[in-house]
Amino acid sequence: MSDLTRLSLTEALQGLDRKAFSSVELTEHFIAAIEAANPSLNAYILETPERALEMAKVSDTRRAKGEAGRLEGAPLGIKDLYCTKDVRTTACSNILGEFVPPYESTVTQNLWDQGAVMLGKLNMDEFAMGSSNETSRFGPVISPWRRKGGANAGLTPGGSSGGSAAAVAADLCLAATATDTGGSIRQPAAFTGTVGIKPTYGRASRYGIVAFASSLDQAGPIAKTVADCALLTEIMCSHDSRDSTSLNVETPDWTADVSRPVKGMRIGIPKEYRLDGMPDEIEALWQKGIGWLKDQGAEIVDVSLPHTKYALPVYYIVAPAEASSNLARYDGMRYGTRQLGSDLLHTYEQTRAAGFGKEVQRRLLIGTYVLSSGYYDAYYLRAQKVRQKILQDFRDVFQTVDALLTPATPSAAFAYGERSDDPVAMYLNDVFTVTANLAGLPGISVPAGLDNQGLPLGLQVIGKALDEAACFRVAGAIERAANFTTKPSAWWPSA
Amino acid sequence: MSVSKADVKKVARLARIAVDEANLEHLTGELNGIMGWIEQLNEVDIDGVEPMTSVVEAQLKMREDIVTDGHKADEILANAPKSDDGFFVVPKAVE
């Protein structure tokens, strides 16, 4: 029966529906799996087994009464960036201490309203700032994947949603919530052989999600299949009057798009995503993806997004600037930790020096610098103008194509310590994903193959604004052609 | 434009983050590395381009000017490092 944890979300819901097992049984399997595996993987930073069983029990009753929601009884993991009522939420930062939100994020509420069960809170980079999970206050997540014949070096599952990706890949939840500001859903999904989508900016409410860079942050799922992602995205997205940038638009039936043929679709291949020094395997994977779509009748079109190379530098002005404003609230007065100093100013400075980790401090300093008097025009205003040109590039190509196909990351997962010395080298992880955040577009990462060390690689599909349907359709076609079924072999203790 | 130690000190003060003198040199180097890499934005012709204010073409919504929330003093104080009788207790700010 331990195979229950290996089911996809869709399969598990079918099993619950035909009473092959109950939500309590399913939840018990996950709790046991987490208990055994988590000391090795560190994917969960807070396990909530009692709450999970309570929710599962209530869920089974609801199902028995014929009142099942769309996720009735499905055990999920929640990234620690989401505020969960009465359950500690820290954004994996020391500065939040033992913060217990008195309210629930809109996205997680949407999941509970459809009957989902919460297994616990998932590890992540502090305030979602990082691409490797090593900036977490709780220590890094160890990826369930290992290099073939390697020295078993601990690999990163990517970041910032590294706990979400690792938990899904290691079957420690059916699916997980995640968030994406520069690639934090898609890069970890690519590193762990899972599927992750960042919807169009404004689709999912940001209410109750700890803010990092408000013009870029967007919620989305990480799951085992494209269909699971489509189902979760439908439920996570909603109009919310408590988020001023939430869009008042219909949420379509995306699960139906996953199996729609791509015949006749025009798929753009942006030449600027071919980087100097990019591993041959990434190029080969991209060509394979192009071939699969061509075989299924899509038309491949070479396109150009000329300002692509400026996306990361723009991001490293805009995101830290917004973060320096958003994180000004952590002053040790109303919640979180306080380090008493000799006077009020000293108390603020000591509180923030002790509470924020190195990477967060670095970004707050950059953000404050680019917004400071005399530098605002040279940095922030210029960046927002270049950002406009990046968006215009996309608008131009979407006149002629329905979606874009790119690699998800410039490499496979790396080992801890291999990249962290040079911040700019670490930032380059997001080179293919950050453009979609700057332009507010939907992007999905779907596993497409393994590199020569046996590690997963992903392809990314970027769609027009509000056209997640195209992302799901093309990702579905890639999923069917790639037939990626490899799972990491469990080196961690199982239940 | 290169970032000096004095700049980092000033910015750290503005950001309300205490930085050790010993760490200043290292931070200045890192910030210079990042800001130097960002300088490439100067290559882009931005003449006549409006700065982006929003990625989605949506009007900010207006709502009735009425109270929609409140009476949650206990919830608001629940996470305070220090509170007393319905108030946050903070260090002395005015002599």
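Check the entry above for the structure.
Note that this is a predicted model, so its numbers are computed, not measured.

**Q** Pulling in residues and values, what's your account of the overall build of chain A?
**A** Looking only at helices and strands, chain A features 16 helices and 11 strands. The C-alpha radius of gyration computed for chain A amounts to 21 Å, which stays within 12% of the reference 23 Å derived for 495 residues, consistent with globular compactness. Projected onto its principal axes, the C-alpha positions of chain A cover 65 × 55 × 50 Å. A burial count over chain A gives 65% of its 495 residues as buried. Within chain A, contacts between residues at least 6 apart in sequence are counted, and of these 78% link residues at least 24 apart. For chain A, the exposed area adds up to about 16,100 Å²; of that, 48% sits on carbon and sulfur atoms. Placing the 48 positive and 55 negative side-chain charges of chain A at their respective mean positions leaves the two points 2 Å apart.

**Q** Give me the lowdown on the packing of helix α12 (residues 358-371) of chain A against helix α2 (residues 21-38) of chain B, citing residues and values where you can.
**A** Interaxial distance between α12(A) and α2(B) falls to 11 Å at its minimum, and their mutual angle equals 60°. Here α12(A) lies oblique to α2(B), going by the angle between them. As α12(A) runs across α2(B), the sense of the crossing is right-handed. Where α12(A) approaches α2(B), its residues R362(A), L365(A), I366(A), Y369(A) and V370(A) are matched on the opposing element by L27(B), E30(B), L31(B), I34(B) and M35(B). Across the contact of α12(A) with α2(B), the residue classes break down as 8 nonpolar, no polar and 2 charged.

**Q** Got a sec to walk through the packing of helix α10 (residues 311-326) of chain A against helix α13 (residues 377-397) of chain A? Specific residues and values, please.
**A** All names here are of chain A. Where α10 meets α13, the axes come as close as 9 Å, and the angle between the chain directions of the two elements is 125°. Between α10 and α13, the angle is such that the two are oblique. The way α10 lies across α13 gives a crossing that is left-handed. Contacts from A311, V314, I317, V318, A321 and E322 of α10 reach α13 at Y379, Y380, A383, Q384, V386, R387 and I390. Class assignment for the residues of the contact of α10 with α13 results in 10 nonpolar, 1 polar and 2 charged.

**Q** So, the environment of T90(A): which residues are in play, and what are the values?
**A** Residues and elements named next belong to chain A. Note on placement: T90 falls in the loop between β2 (75-79) and α4 (106-113). Here the alpha-carbon distance between T90 and V434, two residues 344 residues apart in the chain, equals 25 Å. With residues up to four places along the chain from it excluded, the contact list for T90 reads D80, L96, G97, R137 and F138. One polar contact links T90 to D80, side chain to side chain, over a distance of 2.6 Å.

**Q** Tell me what's going on with the nonpolar core, and back it up with residues and numbers.
**A** Counting residues in each nonpolar core, the largest one holds 182 residues, and the members touching the most others are L111(A), F127(A), F394(A) and L405(A). Looking at this core, the element that brings in the most residues is α10(A), giving 10 residues.

**Q** So what's going on with the interface of chain A and chain B? Residues and values would help.
**A** Residue-level contacts link 63 residues of chain A with 49 residues of chain B. Roughly 5,100 Å² of surface becomes buried between chain A and chain B when both sides are summed, with 69% attributable to carbon and sulfur atoms. Three residues stand out in chain A for area buried against chain B, namely L365(A), Y369(A) and R382(A), and they jointly supply 14% of the buried area on that side. Our count for the contact surface shared by chain A and chain B stands at 3 salt bridges. For K309(A), the salt bridge identified is with E43(B), shortest N-O distance 3.4 Å. The interface formed by chain A and chain B holds 17 residue pairs in polar contact (both at pLDDT 80 or more) in total. Every element with two or more residues in the side of chain A that touches chain B is listed here: α10, α11 (344-355), α12, α13, α14 (423-427) and α15 (434-439) of chain A. Per-element accounting of the side of chain A that touches chain B gives the leading share, 13 residues, to α13(A).

**Q** Any chance you could break down the side chain of E322(A) for me, citing the residues and the numbers?
**A** All names here are of chain A. The topology assignment puts E322 in helix α10. One buried charge, E322, has no salt-bridge partner; the nearest side chain with opposite charge is R387, at 4.4 Å. Engagement of the side chain of E322 in a polar contact is seen with the side chain of S215, the distance being 2.6 Å. Sequence-distant contacts of E322, that is, excluding residues within four places in its chain, are made with F212, A213, S214, S215, L216, Y380 and R387.

**Q** Any details on the sheet that holds strand β11 (residues 456-463) of chain A? Residues and values, ideally.
**A** All names here are of chain A. Ordered in space as β1-β3-β2-β4-β6-β5-β10-β11-β9-β7-β8, the 11 strands form an open sheet in which the pairing is mixed. Sheet topology places β1 (44-47) and β8 (299-303) at the edges, where each strand pairs with a single neighbour. Neighbouring strand axes in the sheet, compared pairwise and without regard to direction, differ in orientation by 30° on average. One ladder, built from 5 bridges, connects β2 with strand β3 (residues 117-122); its direction is parallel. If you follow G77 over to β3, its bridge partner there is G120.

**Q** Give me the lowdown on helix α16 (residues 468-482) of chain A, citing residues and values where you can.
**A** Residues and elements named next belong to chain A. For α16, with 15 residues, the first-to-last C-alpha span of 21 Å sits near the 21 Å given by 1.5 Å per residue. Within α16, 12 of the 15 residues are buried, which leaves the element mostly enclosed by the surrounding structure. Within α16, burial applies to E468, A469, A470, C471, F472, R473, V474, A475, G476, A477, I478 and A482. Once α16 ends, the next one or two residues include N483, with phi positive near 45°.

Criteria and cut-off values
Residues numbered from 1 in each chain as written. Chains lettered and ligands numbered in written order. Predicted model: local features only at pLDDT ≥ 70, side-chain atom pairs only at ≥ 80, totals over all residues. Heavy atoms only, no water. Helix = DSSP H or I, 4+ residues; strand = E, 2+ residues; numbered from the N terminus. Rg over C-alpha atoms; globule rule 2.2 N^0.38 Å. Buried < 20%, exposed > 50% of the residue type's maximum accessible area, 1.4 Å probe, protein only. Contact = heavy atoms within 4.5 Å. Areas by Shrake-Rupley, 256 points an atom, 1.4 Å probe, with all protein chains shown as cover. Lys, Arg positive; Asp, Glu negative; His and termini not counted. Charge placed at Lys NZ, Arg CZ, Asp CG, Glu CD. Axes fitted to C-alpha atoms, helices over the stretch in contact; angles between N-to-C directions. Parallel < 35°, antiparallel > 145°, perpendicular 65-115°, else oblique. Left-handed = near helix turned anticlockwise from the far one by under 90°. Nonpolar A, V, L, I, M, F, W, Y, C, P; charged D, E, K, R; others polar. Polar contact = N/O pair within 3.5 Å; in protein donor to acceptor, adjacent residues only side chain to side chain. Core = buried A, V, L, I, M, F, W, Y, C linked by side-chain atoms within 4.5 Å. Buried area = accessible area lost by both parts, 1.4 Å probe. Salt bridge = Lys/Arg side-chain N within 4 Å of Asp/Glu carboxyl O. Pairing = 2+ DSSP bridges. Expected span 1.5 Å × (residues − 1).

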